[in-house]
Amino acid sequence: MMMKYLRKILILIFLSIFIFSVYNLYKIFYEYKQNKDVYNDIGEIVVKEDKEIQIKNEEYLALKEINEDYLFWISIPETNINYPVVKSKNNEEYLYKNFKGEENKGGCLFVDSRNVSEEDDNIIIHGHNMKDKSMFGTLSKLLTSEYLNKNNKIYLYLENKILEYEIFSVYVNDGSFDPYKTNFNTDEEFNEYINTVRKKSYYNLDYADDGNRNIITLSTCTNATGDERTIVNAKLVSTKDI
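Scoring rules and cut-offs
Residues numbered from 1 in each chain as written. Predicted model: local features only at pLDDT ≥ 70, side-chain atom pairs only at ≥ 80, totals over all residues. Heavy atoms only, no water. Salt bridge = Lys/Arg side-chain N within 4 Å of Asp/Glu carboxyl O. Helix = DSSP H or I, 4+ residues; strand = E, 2+ residues; numbered from the N terminus. Pairing = 2+ DSSP bridges. Axes fitted to C-alpha atoms, helices over the stretch in contact; angles between N-to-C directions. Contact = heavy atoms within 4.5 Å. Expected span 1.5 Å × (residues − 1). Buried < 20%, exposed > 50% of the residue type's maximum accessible area, 1.4 Å probe, protein only. Arc of directions from axis to C-beta. Core = buried A, V, L, I, M, F, W, Y, C linked by side-chain atoms within 4.5 Å. Phe/Tyr/Trp six-rings, centres within 6.5 Å; stacked < 30°, edge-to-face > 60°. Lys NZ or Arg CZ within 6 Å of the ring centre and 35° of its normal.

Chemist: Hey, could you run me through the pattern of salt bridges in this one?
Modeler: Two side chains bearing opposite charge may form a pair once their charged atoms approach each other closely. All chains considered together, the criterion is met by 8 salt bridges. The closest approach of N and O atoms between Asp187 and Arg213, which form a salt bridge, is 2.6 Å. Taken together, the residues span a long stretch of sequence, with Asp187 in helix α4 (residues 187-200) and Arg213 in the loop between α4 and β7 (215-221) at a distance of 26 residues. Connected through shared salt-bridge partners, Asp121, Asp187 and Arg213 make up one network.

Here you go:
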């Protein structure tokens, strides 16, 4: 009798665990779909019929109306990275809040709060490494030579302007180096930073040195340890007015 009673208790416990697990999975996948739908809707504002991204005054104002923290749009060919980027007063606000201000674990791509303006020497962009490959979930593709042989460009779309960047360093940072310096006091200090990240790079990539201090740093967690981050550095190589 006692064994029969214990068996029923165990069945109830395992059933409860199963239902709880199913509920959590449903919640996770629901949030994935919710965020995907949000960014698909926003993408319709800037992606035209020819699939080209265009952000002129009309598109810029439309994005600003949705979120006043909007700064620019980022797109990386051959990845899923094609999103608006925001900037807040801190680096926590958009960790779990999407572009429309809704609570979501996918959050939003955001510029580091230590950046003062788009004229900073190094613009730092953070994003989650999502398991559904959204946000910066495909940034790790840039760590492979197969990808870099196909594309080594990153594009930022400002109002009436397209900035083209060329990747010059890709690596995983273990926390022993601080890659998040936004401005440099001297050219020597800037060049030291460039040399350091190029040495850390998995590949010997060209750096288009034109004497100007205008790079971007993309950063996302690796999901391996708390301190590890996938880091991608790129140099501004061209500006196009539209």
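Chemist: When you look at the sheet that holds strand β5 (residues 153-158) in this model, what are you seeing that I'm missing?
Modeler: Neighbouring strands of a sheet are bound in pairs by backbone hydrogen bonds; such pairs are parallel or else antiparallel. Taken together, 8 strands build a closed barrel; the order of strands is β1-β2-β3-β4-β7-β8-β6-β5 and the barrel is mixed. Neighbour to neighbour, the strand axes of the sheet diverge by 30° on average, direction disregarded. Bridge analysis of β7 against strand β8 (residues 229-241) gives 7 bridges, and the strand direction is antiparallel. Of the residues in β8, the one forming a bridge with Thr217 is Asn233. Helix-sheet contacts for α4 involve β4 (122-126), β6 (161-173), β7 and β8, and the interaxial angle to β6 is about 60°.

Chemist: Where do I start with α4 in this structure?
Modeler: Since there are 3.6 residues in each turn of an α-helix, residues three or four apart along the chain are aligned in direction. Between its terminal C-alpha atoms α4 stretches 20 Å, which fits the 20 Å expected from 14 residues at 1.5 Å a residue. Within α4 the residues assigned to the buried category are Phe190, Tyr193, Ile194 and Val197. End-on, the buried residues of α4 take up no more than an arc of 100°, which puts them together on one face. Away from the buried face of α4 by more than 90 degrees, exposed residues Glu188, Glu192 and Lys199 are located. In this structure, the buried residues of α4 make contact with β4, β6, β7 and β8.

Chemist: Before we go on, may I ask you to explain helix α2 (residues 57-66) in this structure?
Modeler: Among the residues of α2, those classed as buried are Glu59, Tyr60 and Leu63. Down the axis, α2 shows its buried residues gathered within 100° of arc, on one side only. Opposite the packed face of α2, turned more than 90 degrees from it, sit the exposed residues Glu58 and Glu65.

Chemist: Looking at this structure, I do not really get the nonpolar core. What am I missing?
Modeler: Soluble globular proteins tend to bury their nonpolar side chains together. Core analysis: the largest hydrophobic core is formed by 49 residues, its most contacted members being Ile125, Ile154 and Leu218. Look past the residues within four positions of Ile125 in its chain and what remains in contact with it is Phe72, Ile74, Val85, Leu109, Phe110, Val111, Phe136, Leu156, Thr217, Leu218 and Ser219. Counting 13 residues, the second-largest nonpolar core is a separate cluster that includes Ile124, Phe184, Tyr193 and Tyr207.

Chemist: Explanation requested: the side chain of Glu59 in the structure shown.
Modeler: As for its position among the elements, Glu59 is in helix α2. Leave out the neighbours within four places in its chain, and Glu59 touches Ile45, Val46, Lys48 and Gln54.

Chemist: How should I be thinking about the packing of aromatic side chains in this particular structure?
Modeler: Two measures describe an aromatic ring pair: the distance that separates the ring centres and the angle between the ring planes. The full count for this structure, using the stated rule, is 8 aromatic pairs. Consider the rings of Tyr202 and Tyr203, whose centres lie 6.5 Å apart with planes at 75°: the pair is edge-to-face. Aromatic rings pair up to connect Phe177, Phe184, Phe190 and Tyr193 into one cluster. Its guanidinium or amino end placed over the ring of Tyr94, Lys97 lies 4.9 Å from that ring's centre, counting from NZ or CZ.

Chemist: Looking at this structure, how should I read unusual backbone geometry?
Modeler: Comment: phi is negative for the bulk of residues other than glycine, and the bulk of peptide bonds are trans. Although it is not a glycine, Lys133 adopts a positive phi angle of roughly 70°. If you trace the backbone, Lys133 turns up in the loop between β4 and α3 (145-150). For Met135, which is not a glycine, the phi torsion comes out positive at approximately 50°. Its location among the elements puts Met135 in the loop between β4 and α3.

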